[in-house]
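# Geometric and topological summary
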Amino acid sequence: MTSGGAAGYGPASVPAARRPVIAGLGMTQIGKVFGLRNADFAAQAVRLAVADAGLRLADVDGLLTSSGVTHGPGLGLSRTLGLTGLRLQSDMQSF
């Protein structure tokens, strides 16, 4: 994150609506983990990344997902996380 707090992500020379932000990193358990679906892992990773960035889920204004070849959580992840009023939401098809 850059300096400037919540109101000023990114370089000041870039308009606020176009400032990119890498918020945080969320790593889930790996290996044989039973009882969790891929959507559960995705939601856990998002929650951890948001916390790592020092933010709350309510601060998230965009969500990009990739269902990939396993048909992951996709756009339903925002519902799982309780995210509403997103400015950007898209499922990218990348394999």
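See the structure shown above.
I will try to describe carefully the structure that is included in this document. (Residues numbered from 1 in each chain as written. Predicted model: local features only at pLDDT ≥ 70, side-chain atom pairs only at ≥ 80, totals over all residues. Heavy atoms only, no water.)

On to the nonpolar core. Residues A42, A43, V46, V50, V60, L63, L77, L81, L83 and L86 constitute the largest nonpolar core, which totals 10 residues. Of all the secondary-structure elements, those providing two or more residues to this core are α1 (38–52) and α2 (76–81). Ranked by residue count, the leading element in this core is α1, at 4 residues. The contacts of V46, once residues within four sequence positions are left out, are L57, L77 and L81. (Core = buried A, V, L, I, M, F, W, Y, C linked by side-chain atoms within 4.5 Å. Buried < 20%, exposed > 50% of the residue type's maximum accessible area, 1.4 Å probe, protein only. Helix = DSSP H or I, 4+ residues; strand = E, 2+ residues; numbered from the N terminus. Contact = heavy atoms within 4.5 Å.)

Tracing the sequence through the fold places H71 in the loop between β1 (62–66) and α2. Sequence-wise, H71 and N38 are 33 residues apart; in three dimensions their C-alpha atoms are separated by 9.2 Å.

Relative to strand β2 (residues 88–92), β1 runs parallel, the two sharing 5 bridges. The residue bridging S66 from the neighbouring strand is M92, located in β2. With α2 bridging β1 and the parallel β2, this β-α-β connection has right-handed handedness. (Pairing = 2+ DSSP bridges. Right-handed = clockwise from strand over helix to strand, strands pointing away.)

Checked against the element boundaries, S78 lands in helix α2. Among the residues examined, S78 registers a relative accessible area of 8% and is labelled buried. S78 has contacts with L63, L83, L86 and Q89, leaving out every residue within four places of it along the chain.

Moving on: the side chain of T65. Along the chain, T65 turns up in strand β1. Only 2.7 Å separates the side chain of T65 from the side chain of D91, close enough to count as a polar contact. (Polar contact = N/O pair within 3.5 Å; in protein donor to acceptor, adjacent residues only side chain to side chain.)

The next thing to look at is the pattern of salt bridges. Under the counting rule described, the total for this entry stands at 3 salt bridges. The closest approach of N and O atoms between D40 and R37, which form a salt bridge, is 3.2 Å. D40 sits in the partly exposed class, given a relative accessible area of 25%. (Salt bridge = Lys/Arg side-chain N within 4 Å of Asp/Glu carboxyl O.)

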